[in-house]
Amino acid sequence: MLIVLPPSEGKASEGSGPPVGQLSFSSLDKPRKRVQTALIRASKRRDALDVLGLSPGLAGELAKNTALPAAPTLPAAELYTGVLYDNLGLNTLDSAARARAAESVLIFSGLWGVVRITDRIPPYRLSMGVNLSPVGGLAAFWRPQISKALDTLPGLVVDLRSATYAAAWQPGERSVTVRVFRDGKVVSHMAKATRGEIARALLHQNATPATPDELAKILDALGYTVTLTPPSRANRPWTLDVHVNDPS
């Protein structure tokens, strides 16, 4: 089983380890360098905030981008914060669940393509939705690169990514896209929390579903109300709708 996650806008402020070295999926090293070079150049432009889709209040993030080659790093498990990662709680998993996470959890990134939780990377600011000259749209740029790196990995793909990051890899019918509904409507903030909870539950339970139906049964047994829908056409993912109640 692979659990694929988006990154988060919220990140730790700084690392304490050496600059970026060898990351997982070495076939992505050259495209990572291309994106990094383009990001550094873009972050030095007068219109950098507009290019990167950042608000004026995030101007301080540009310095992190320009310092990437020598910036101190920390494990991806500690870098990403925010609702999904707070509910996943990677650093509070027991040793067995943490080992499973190191093997099965993949985090997508506009800068790094995809990393494992043990990969050491520095804080940065770059969304997969950015069109970064001369690379172009990042999702389209990364898609063939990531597909080559991940298509051969075995197992059911539990897809907990947002649409922006899902565009960078589409694993087809062995994938289950998890959506979160409340009162019949897709919800955003609660979706992040629920996706984090689901990932944590799967890791804690040592659950290794091999099929979408097995995944649905596991989540049902864990107390989730779910609806599983087959792909609408060939090479498309299954859809698993998780229905949550209003917290009030």
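See the structure above.
Just so it is clear, the structure is predicted and the values come from calculations on it, not from any experiment. (Residues numbered from 1 in each chain as written. Predicted model: local features only at pLDDT ≥ 70, side-chain atom pairs only at ≥ 80, totals over all residues. Heavy atoms only, no water.)

Asks: Where do I start with the packing of aromatic side chains in this structure?
Replies: Centre distance and the angle of the planes are the two values used to describe a pair of aromatic rings. On inspection of all chains with the given rule, the structure shows four aromatic pairs. Geometrically, the ring pair formed by F108 and W169 is stacked, given 6.3 Å between the ring centres and 15 degrees between the ring planes. Highlighted residues: F108 in strand β3 (residues 105-109) and W169 in the loop between α8 (163-166) and β9 (175-182), separated in sequence by 61 residues. With respect to burial, F108 and W169 carry one shared label: buried. (Phe/Tyr/Trp six-rings, centres within 6.5 Å; stacked < 30°, edge-to-face > 60°. Helix = DSSP H or I, 4+ residues; strand = E, 2+ residues; numbered from the N terminus. Buried < 20%, exposed > 50% of the residue type's maximum accessible area, 1.4 Å probe, protein only.)

Asks: What should I look at first to understand the pairing of strand β12 (residues 238-243) in this one?
Replies: Note on strand geometry: in a regular strand, side chains alternate between the two faces of the sheet. Of the pairings in the sheet, the one linking β9 to β12 comprises six bridges and is parallel in character. By the bridge assignment, V176 is partnered in β12 with W238. Pairing of strand β11 (residues 225-229) with β12, which is carried by five bridges, proceeds in the antiparallel orientation. Among the inter-strand pairings, L228 is bridged to a residue of β12, identified as L240. (Pairing = 2+ DSSP bridges.)

Asks: What am I meant to see in the environment of F141 here?
Replies: Here F141 is to be found in helix α7 (residues 138-150). The buried category is assigned to F141, whose relative accessible area is 10%. For F141, the contacting residues outside a window of four places in its chain are P31, R34, V35 and V135. (Contact = heavy atoms within 4.5 Å.)

Asks: I'm lost on the side chain of R200 in this one. Help?
Replies: With respect to the helices, strands and loops of the structure, R200 is situated in helix α9 (residues 189-204). Put simply, R200 is tucked away with no salt bridge, and the nearest opposite charge, on D94, sits 7.7 Å away. A polar side-chain atom of R200 sits 3.0 Å from a polar atom in the side chain of T92. (Lys, Arg positive; Asp, Glu negative; His and termini not counted. Salt bridge = Lys/Arg side-chain N within 4 Å of Asp/Glu carboxyl O. Polar contact = N/O pair within 3.5 Å; in protein donor to acceptor, adjacent residues only side chain to side chain.)

Asks: How should helix α1 (residues 29-43) be read in this particular structure?
Replies: Each α-helix winds once per 3.6 residues, and so residues spaced three or four apart point in a common direction. The end-to-end C-alpha distance of α1, which contains 15 residues, comes to 21 Å, matching closely the 21 Å that a straight helix rising 1.5 Å per residue would cover. Along α1, the positions that sit buried rather than exposed are P31, R32, V35, Q36, A38, L39, I40, A42 and S43. (Expected span 1.5 Å × (residues − 1).)

Asks: Where do I start with unusual backbone geometry in this structure?
Replies: Where the residue is not glycine, phi is negative for most of them; where a peptide bond is considered, it is trans in most cases. Cis peptide bonds are those with omega within 30 degrees of zero, and the linkage from S133 to P134 qualifies with 0 degrees. As for its position among the elements, P134 is in the loop between β6 (131-132) and β7 (136-137). The backbone of N206 shows a phi angle near 55 degrees, a positive value even though the residue is not glycine. With respect to the secondary-structure elements, N206 resides in the loop between α9 and α10 (212-221). The backbone of N235 sits at a positive phi, close to 65 degrees, despite the residue not being glycine. Mapped onto the elements of the fold, N235 is located in the loop between β11 and β12.

Shape descriptors only; they carry no functional weight alone.
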